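Residues per chain are reported as follows:
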Amino acid sequence: MTEIDFKAEVAARREDLLADLFSLLKINSERDDSQATPEAPFGPGPVAALQAFLDLAARDGYATQNVDNYAGHFTYGDDLPDDAEVLGIFAHMDVVPAGSGWDSAPYAPEIRDGKLYARGASDDKGPTMACYYGLKILKELKLPLTKKIRFIAGTDEESGWGDMAYYFDHVGLPAPDFGFSPDAEFPIINGEKGNITEYLHIDGENTGAVHLHRLIGGLRENMVPESATAVLSGALDDLTVKFAAFAGRYADKHLRLETEIGTDGRVTVVLHGRSAHGAMPEKGVNGVTYLAKFLDEIGVVSPFTKIAGTILLEDHAGEKLGVAFKDEKMGALSMNAGVFKFEDTSSDNTIALNFRYPQGTDADTIRKVLAKLPGVSSVTKSEHEHTPHYVPMTDPLVSTLLSVYEKQTGLKGHEQIIGGGTFGRLLKRGVAFGAMFPGDVDTMHQANEFIPVDVLLRAAAIYAEAIYELAK
Ligand SMILES: [Zn+2]
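So, how was this worked out
Residues numbered from 1 in each chain as written. Predicted model: local features only at pLDDT ≥ 70, side-chain atom pairs only at ≥ 80, totals over all residues. Pairing = 2+ DSSP bridges. Helix = DSSP H or I, 4+ residues; strand = E, 2+ residues; numbered from the N terminus. Axes fitted to C-alpha atoms, helices over the stretch in contact; angles between N-to-C directions. Expected span 1.5 Å × (residues − 1). Buried ≥ 20, exposed ≤ 12 C-beta atoms within 10 Å, placed from the backbone. Left-handed = near helix turned anticlockwise from the far one by under 90°. Contact = placed C-beta atoms within 7 Å. Nonpolar A, V, L, I, M, F, W, Y, C, P; charged D, E, K, R; others polar. Domains from an automatic or database assignment.

1. Structural notes on the sheet that holds strand β5 (residues 115–117)
Judged by pairing direction, the sheet is antiparallel, and its 3 strands sit side by side in the order β4-β5-β24 without closing on themselves. The open sheet has two edge strands with one neighbour each: β4 (110–112) and β24 (450–452). The sheet shows a mean angle of 30° between the axes of neighbouring strands, direction not considered. Direction of pairing for β4 relative to β5: antiparallel, over a ladder of 3 bridges. What sits directly across from I111, in β5, is L116.

Structure (structure tokens):
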């Protein structure tokens, strides 16, 4: 391996890296379908962030290509022969909704105690810029490479991956030969579970001493709902006393309830739990399932709250649902109940269940079990599905990335298989690599998302050497 001091090269560019990263973090790049147009397929925010990223690359002397505002790229090594292998780097400029509960404005990045706070700081603008600067160092040092590097930024990673589907169809270039995505953690993610969302359809049947007019919660299928809102009428005496007793039974969940009486006499209640990434539902407190459980106990009678509050409550492995499954290599199935919509006037209320599943089970097997749940009239599946993905340790992509990680950190590398889906799986020889380190606090998809500045810099040095070793 080369004797270049990549950590020193990164340290020399610290301020530039942070300035460029701040410029991207200031852009609210949440998907907004209400403002989507043919020119802004996921709304204006993701387009603005993509363009800002490509502008940085153009400033640094790369020829950039924006594929109709779905995704964009630049290629380093255009002077290499046409048949040179291409290393793909897949990042994304979109972010999940900021949600509530922030101590600072999510799109006004700020460093406190060495941590950079902003939506997108760790998922995925921070790691993207760490990796970008890794490549920038190789470029500025003019290190000779034999492979091209194509740096690709998407705009719809957090939702349906419509960006990359469009990109590959319209970019007019073959897919990279191998690659990685700086959108997860070190040492590596070389296996990813399958990912499917299935929708329970439930009618509005609703009897009982307390009437449920409305119950909604959840911003995205891949997030644990932080809060849930219900509109109620009927026998609602002592609501706060009853809630205090309920919350006391689940003291470790820190449940919180706000109530408001409307002019029509209906009571609106909002229960707060804790959000988390949908691939790790056990790290959150699903606000809707707890509110449904509470409503069940105070007199709401409906199949919707029965399923939400009894079956789905803390059912992260799908055991109560009856879909639990475990594979020796890839681990266990996990389930996040992500989006709930109930109106008593509707005959088609839905609960979106997002499953991460190992090899050995599949979406249809799960669907058949769900269809038998009491009160469920039908089950539909999301258009997009990811099947389980695995790149073996013997692949030089995996072994090279791990050896650079070990060299720079002094830690032992090992394979990891996760429930989250990353752009690593876009290529048959694709993995995710960084930028979180073992033991780091994971704040992705949560309020007060941050990345420690030193993590950013350590990651950039690893990316520089990793790209060099893969492409030299
Ligand atoms: Zn991400």
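2. Digging into helix α4 (residues 125–140)
The end-to-end C-alpha separation of α4 is 22 Å, in line with the 22 Å expected for 16 residues at 1.5 Å each. Taking burial as the measure, the 16 residues of α4 include 14 buried ones, the bulk of the element. In the segment just after α4, K142 is the residue with positive phi, at about 55°.

3. Looking at the sheet that holds strand β9 (residues 191–192)
Hydrogen bonds along the backbone pair up the strands of a sheet, which may run parallel or antiparallel. With respect to topology, 3 strands assemble into an open sheet ordered β20-β9-β21, the strand pairing being mixed. Edge strands, defined here as strands with exactly one partner in the open sheet, are β20 (389–390) and β21 (417–418).

4. As for the packing of helix α7 (residues 287–298) against helix α8 (residues 303–311)
With their axes 7 Å apart at the nearest point, α7 and α8 run at an angle of 115° to one another. Handedness of the crossing formed by α7 with α8: left-handed. In this structure, α7 uses V288, T289, A292, K293, L295 and D296 to contact α8, whose residues at the interface are T305, K306, A308, G309 and T310. A breakdown of the residues in the contact of α7 with α8 according to their chemical character gives 4 nonpolar, 4 polar and 3 charged.

5. Some thoughts on the domain arrangement of the protein chain
Taken domain by domain, the protein chain consists of domain 1 (6–193 + 388–471) and domain 2 (195–381). The distance between the C-alpha centroids of domain 1 and domain 2 comes to 33 Å. At the junction of the two partners, domain 1 supplies 17 residues and domain 2 supplies 17 residues. Partitioning the side of domain 1 that touches domain 2 into residue classes produces 7 nonpolar, 8 polar and 2 charged.

6. What to know about unusual backbone geometry
Of note, the bond from D123 into D124 is cis; its omega dihedral lies within 30 degrees of zero at 5°. Note that the residue after F186, namely P187, is joined by a cis bond; omega there is 5°. Tracing the backbone through its elements, the reader meets P187 in the loop between β8 (184–185) and β9. In this structure, N69 is a non-glycine residue whose phi angle is positive, near 65°. Its location among the elements puts N69 in the loop between β1 (64–67) and β2 (71–76). In this structure, W161 is a non-glycine residue whose phi angle is positive, near 60°. The topology assignment puts W161 in the loop between β6 (148–154) and α5 (162–170).

7. Points about the environment of V231
For V231, the position within the fold is in strand β12 (residues 227–234). Judged by the 20 C-beta atoms lying within 10 Å of it, V231 falls in the buried class. Along the backbone, V231 and Y405 are 174 residues apart, and their C-alpha atoms lie at a distance of 52 Å. Here V231 is in contact with H213, R214, R266 and T268, once residues within four sequence places are set aside.

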